[in-house]
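Read off the chains here:
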Amino acid sequence: MPEIKVTPLGAGQDVGRSCILVSIAGKNVMLDCGMHMGYNDDRRFPDFSYITQNGRLTDFLDCVIISHFHLDHCGALPYFSEMVGYDGPIYMTHPTKAICPILLEDYRKITVDKKGETNFFTSQMIKDCMKKVVAVHLHQTVQVDEELEIKAYYAGHVLGAAMFQIKVGYLYIPLNGLSCGLENINGFLFFHQGDYNMTPDRHLGAAWIDKCRPDLLISESTYATTIRDSKRCRERDFLKKVHETVERGGKVLIPVFALGRAQELCILLETFWERMNLKAPIYFSTGLTEKANHYYKLFITWTNQKIRKTFVQRNMFEFKHIKAFDRAFADNPGPMVVFATPGMLHAGQSLQIFRKWAGNEKNMVIMPGYCVQGTVGHKILSGQRKLEMEGRQILEVKMQVEYMSFSAHADAKGIMQLIRQAEPRNVLLVHGEAKKMEFLKQKIEQEFHVNCYMPANGETTTIFTNPSIPVDISLGLLKREAAIGPVPDAKKPKLMHGTLLMKDNSFRLVSPEQALKELGLAEHQLRFTCRVHIQDPRKEHETVLRVYNHLKGVLKDYSVQHLPDGSITVESILIQATAHSEDQGTKVLLVSWTYQDEELGSYLTSLLKKGLPQSTA
């Protein structure tokens with residue numbers, strides 16, 4: 001039985017450094033190549049030695065796919081391609097390709113130029129890495145090689161985020177959009193979802209995929225046990241807390257990543273400030289507003305319908321109340337709101353501002369997204385109020401700490417919704433915490449009756465599959481078959497009779513007449529014949545008459561005829577009688593039929609084997 005092998009090199013029962021190795025039918029695909037924001041040593045990158053112990057990575061891997069630009073999904077890419085050594089294709093969407101190098105360079109500056117760390121990629125390595133990237137459009141089918149095919153679907157989450165459908169072998173051969181299923185061991189379909197969001201927000205739409213029924217669906221599970229309250233309630237609560245803090249003269253720090261939730265919350269605050277006529281300044285990390293604005297203009301088709309509709313009259317990302325931040329502003333007296341990067345308070349401007357403002361109880365930090373273990377964000381959300389910083393300095397946190405989930409990850413309800421939509425045969429969970437994943441795993445298995453897996457980092461899960469191949473069916477055959485019997489139920493499989501043509505890796509089911517015409521073959525009639533022995537001392541023509549009268553009385557809904565040559569027909573079934581060569585008191589009935597009338601032929605045979613009634617004359 002064919003199998004799919006999945007090994008998380010990162011994000012296995014963990015959030016951070018997403019990197020999943022999938023081996024299927026001789027093909028090896030690496031899904032994401034992220035770094036862990038909670039580590040500053042070798043653990044920050046996935047352990048690529050799991051991929052192969054012998055030879056070059058390029059010889060082993062067929063391709064690398066990056067789901068989106070967040071560093072926990074792409075942060076190790078230059079290290080992997082330029083320092084470990086990989087020269088094969090790297091696939092990502094156009095927005096991801098545009099934004100990814102900017103975030104990589106920003107993080108490199110923080111890590112190398114400011115912290116002085118070594119064993120890290122250079123600016124040139126980022127450029128060389130991005131030259132290997134092949135950008136893909138949504139719903140574009142990309143043929144990696146003869147057997148490996150990928151397609152990107154909209155994931156919501158952040159600008160350019162995509163879920164990828166990966167096909168190996170002759171699993172899916174769409175011709176005219178009409179298909180039926182055939183068992184086959186050479187085809188596989190699996191879906192990697194990266195991070196996704198099933199709820200549309202102020203600037204992005206909701207994730208969407210076909211009802212593709214894949215052999216395996218790999219899903220993130222960041223919020224495996226969370227069902228979020230109403231988005232409107234969360235927004236109201238967020239605005240209330242920000243407003244109360246600035247009204248009492250406090251400062252509000254909102255750590256965000258450069259693109260994504262930052263734009264979502266900026267639109268929310270901009271609208272609120274305008275409506276309430278508030279004067280307290282709102283700032284955004286220098287340079288990032290301009291970059292974000294540029295990319296949202298460039299990739300406006302990736303935003304939601306409302307943004308696209310109003311974009312001609314008004315660009316929602318050009319803010320009246322939100323200005324560029326200068327680090328000197330952090331020491332200014334009076335209230336202010338600052339969006340600063342990065343989002344987990346693990347480095348950069350957000351951490352610098354936090355250290356300055358943490359000692360004042362008037363101030364507030366609002367964490368709008370998930371923070372991985374080891375980051376300052378995770379520590380303060382866990383209740384720590386005395387933090388050991390660099391140089392063993394202790395920072396006492398007196399400012400208010402609030403967690404308000406504006407995360408663009410799907411919650412438990414959203415994960416279940418997408419599984420229901422895709423109807424996979426197997427589910428594998430990554431990018432989550434072990435205990436929460438276990439709860440969701442049980443729920444998935446109970447509700448959908450499919451196997452659900454949650455391997456740890458370095459642990460290989462083997463999934464046995466029994467894939468099916470959709471095959472094109474000719475319109476003429478479909479109409480003919482649909483006319484036979486009751487109206488077919490769209491949700492139930494229907495048995496079709498036809499001829500399967502296999503040509504140039506394409507499969508078509510057509511009528512026998514069409515197959516003969518296309519192949520230039522002559523038609524041969526195949527008939528099945530069965531011998532039935534009957535005890536009857538009468539002459540042959542008398543036996544035939546007895547059989548005719550018996551069948552005429554039993555088969556009232558069928559055309560039963562006695563022909564001049566002494567044979568009988570029931571529809572297309574032919575019955576002839578001959579004397580037994582050794583026993584004149586026994587007659588042999590020859591019953592022959594075509595394969596189309598096999599059911600009626602079998603019934604007639606069993607009926608005649610029971611013998612003729614005595615009264616039949």
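From a predicted model like this one, the values you see are computed outputs, not experimental measurements.

1. Regarding the overall build of the protein
1) Next: Each helix and strand counted, the protein has 17 helices and 31 strands in total.
2) Next: Relative to the 2.2 N^0.38 estimate, which gives 25 Å for 617 residues, the radius of gyration of the protein is 35 Å and therefore markedly larger than a compact globule would have.
3) Next: By its C-alpha atoms, the protein is 120 × 55 × 45 Å across when sized along the principal axes.
4) Next: Looking at the protein as a whole, 53% of its 617 residues qualify as buried.
5) Next: At a minimum sequence separation of 6, the contacts of the protein that also span at least 24 residues come to 72%.
6) Next: For the protein, the centre of its 73 positive side-chain charges and the centre of its 68 negative side-chain charges are spaced 7 Å apart.

2. Things to note about the packing of aromatic side chains
1) Next: Inspection of the entire model under this criterion finds 17 aromatic pairs.
2) Next: Taken together, the aromatic side chains of F45, F48, Y79, F80, Y86, Y107, F120 and F121 make up a single cluster linked through ring pairs.

3. Points about the nonpolar core
1) Next: Judged by nonpolar contacts, the single largest core of 128 residues is most densely connected at F238 and F354.
2) Next: Considering every element that reaches this core, the biggest residue donor is helix α7 (residues 261-276), with eight residues.
3) Next: If sequence neighbours within four positions are ignored, F238 has contacts with I254, L265, L268, L269, I366, M404 and F406.
4) Next: Listed in part, the 25 residues of the second largest apolar core include V142, V144, L148 and F164.

4. Side note on the sheet that holds strand β28 (residues 560-562)
1) Next: Across the sheet, five strands lie side by side as β27-β31-β30-β29-β28; this open sheet has antiparallel pairing. Pairing within the sheet leaves two strands with one partner each, and these edge strands are β27 (527-535) and β28. Here the average twist between neighbouring strands, direction ignored, is 20 degrees.
2) Next: With nine bridges joining them, β27 and strand β31 (residues 586-594) adopt antiparallel strand pairing. By the bridge assignment, C530 is partnered in β31 with V591.
3) Next: Where helix α16 (residues 540-554) meets the sheet, it contacts β28, β29 (568-570), β30 (573-579) and β31, and its direction lies at approximately 160 degrees from that of β28.
4) Next: Across the face of the sheet, helix α17 (residues 598-609) comes into contact with β27, β29, β30 and β31 while running at roughly 170 degrees to β31.

5. Let's talk about the confidence of the model for the protein
1) Next: Averaged over every residue, the pLDDT of the protein is 85; residues scoring 70 or more account for 91%.
2) Next: Ignoring residues within four places in sequence, the model shows residues 171-186, a span with pLDDT below 50, making 47 contacts including any to other chains.

6. Considerations on the pattern of salt bridges
1) Next: One pass over the full model with this rule turns up 26 salt bridges.
2) Next: For K131, the salt bridge goes to D128, with nearest N and O atoms at 3.6 Å.
3) Next: On the basis of relative accessibility, which here comes to 25%, the residue D128 falls in the partly exposed class.
4) Next: In this structure, K241 and D237 form a salt bridge, with 3.3 Å as the shortest nitrogen-oxygen distance. Note that K241 and D237 are positioned in helix α6 (residues 231-247) at a spacing of four residues, about one turn of the helix.
5) Next: What you see here is one network of salt bridges that share partners, running through R56, D59, E82, D87 and K132.

7. Brief notes about the packing of α16 against α17
1) Next: Two elements in contact, α16 and α17, have axes separated by 12 Å at closest approach and are oriented at 120 degrees. Classified by the angle between their axes, α16 and α17 sit oblique to one another. Seen along the crossing, α16 lies across α17 with a hand that is right-handed. Contact with α16, carried on its side by V547, H550, L551 and V554, involves Y603, L604, L607 and L608 of α17 and no other residues of that element.
2) Next: Taken together, the residues of the contact of α16 with α17 sort by class into seven nonpolar, one polar and no charged.

8. Digging into the side chain of N363
1) Next: Position of N363 relative to the elements: it lies in the loop between α10 (348-357) and β17 (364-367).
2) Next: We classify N363 as buried; its relative accessible area is 5%.
3) Next: Polar side-chain contacts of N363 include one of 2.9 Å to the backbone nitrogen of K251.
4) Next: A distance of 3.2 Å separates a polar atom in the side chain of N363 from the backbone oxygen of W357.

9. Considering unusual backbone geometry
1) Next: Backbone torsion omega between T341 and P342 reads 0 degrees, so that peptide bond is classified as cis.
2) Next: Locating P342 in the fold gives a position in the loop between β16 (336-340) and α10.
3) Next: With a phi close to 70 degrees, D32 is a non-glycine residue in the positive phi region.
4) Next: Tracing the sequence through the fold places D32 in the loop between β3 (27-31) and α1 (57-60).
5) Next: In this structure D32 comes out as buried when scored by relative accessible area, which is 1%.

10. Structural notes on the sheet that holds strand β4 (residues 63-65)
1) Next: In space, the seven strands of this open sheet follow the order β6-β5-β4-β3-β2-β1-β23, with mixed pairing throughout. Pairing within the sheet leaves two strands with one partner each, and these edge strands are β6 (133-136) and β23 (461-464). Here the strands of the sheet are splayed against their neighbours by 25 degrees on average, with no regard to which way each runs.
2) Next: Summarising the sheet, strand β5 (residues 90-93) and β6 pair through four bridges and their orientation is parallel.

11. Let's talk about the environment of E481
1) Next: Mapped onto the elements, E481 comes out in helix α14 (residues 475-483).
2) Next: Taking the C-alpha atoms as reference points, E481 and T271, 210 residues apart in sequence, are found 59 Å from one another.
3) Next: The contacts of E481, once residues within four sequence positions are left out, are K494, L495, M496 and H497.

12. Focus on α10
1) Next: Burial analysis of α10 places seven of its ten residues in the buried class, which makes it a mostly covered element.
2) Next: Listed in full, the buried residues belonging to α10 are G348, Q349, S350, L351, I353, F354 and W357.

Scoring rules and cut-offs
- Residues numbered from 1 in each chain as written.
- Predicted model: local features only at pLDDT ≥ 70, side-chain atom pairs only at ≥ 80, totals over all residues.
- Heavy atoms only, no water.
- Helix = DSSP H or I, 4+ residues; strand = E, 2+ residues; numbered from the N terminus.
- Rg over C-alpha atoms; globule rule 2.2 N^0.38 Å.
- Buried < 20%, exposed > 50% of the residue type's maximum accessible area, 1.4 Å probe, protein only.
- Contact = heavy atoms within 4.5 Å.
- Lys, Arg positive; Asp, Glu negative; His and termini not counted.
- Charge placed at Lys NZ, Arg CZ, Asp CG, Glu CD.
- Phe/Tyr/Trp six-rings, centres within 6.5 Å; stacked < 30°, edge-to-face > 60°.
- Core = buried A, V, L, I, M, F, W, Y, C linked by side-chain atoms within 4.5 Å.
- Pairing = 2+ DSSP bridges.
- Axes fitted to C-alpha atoms, helices over the stretch in contact; angles between N-to-C directions.
- pLDDT = per-residue confidence, 0-100.
- Salt bridge = Lys/Arg side-chain N within 4 Å of Asp/Glu carboxyl O.
- Parallel < 35°, antiparallel > 145°, perpendicular 65-115°, else oblique.
- Left-handed = near helix turned anticlockwise from the far one by under 90°.
- Nonpolar A, V, L, I, M, F, W, Y, C, P; charged D, E, K, R; others polar.
- Polar contact = N/O pair within 3.5 Å; in protein donor to acceptor, adjacent residues only side chain to side chain.

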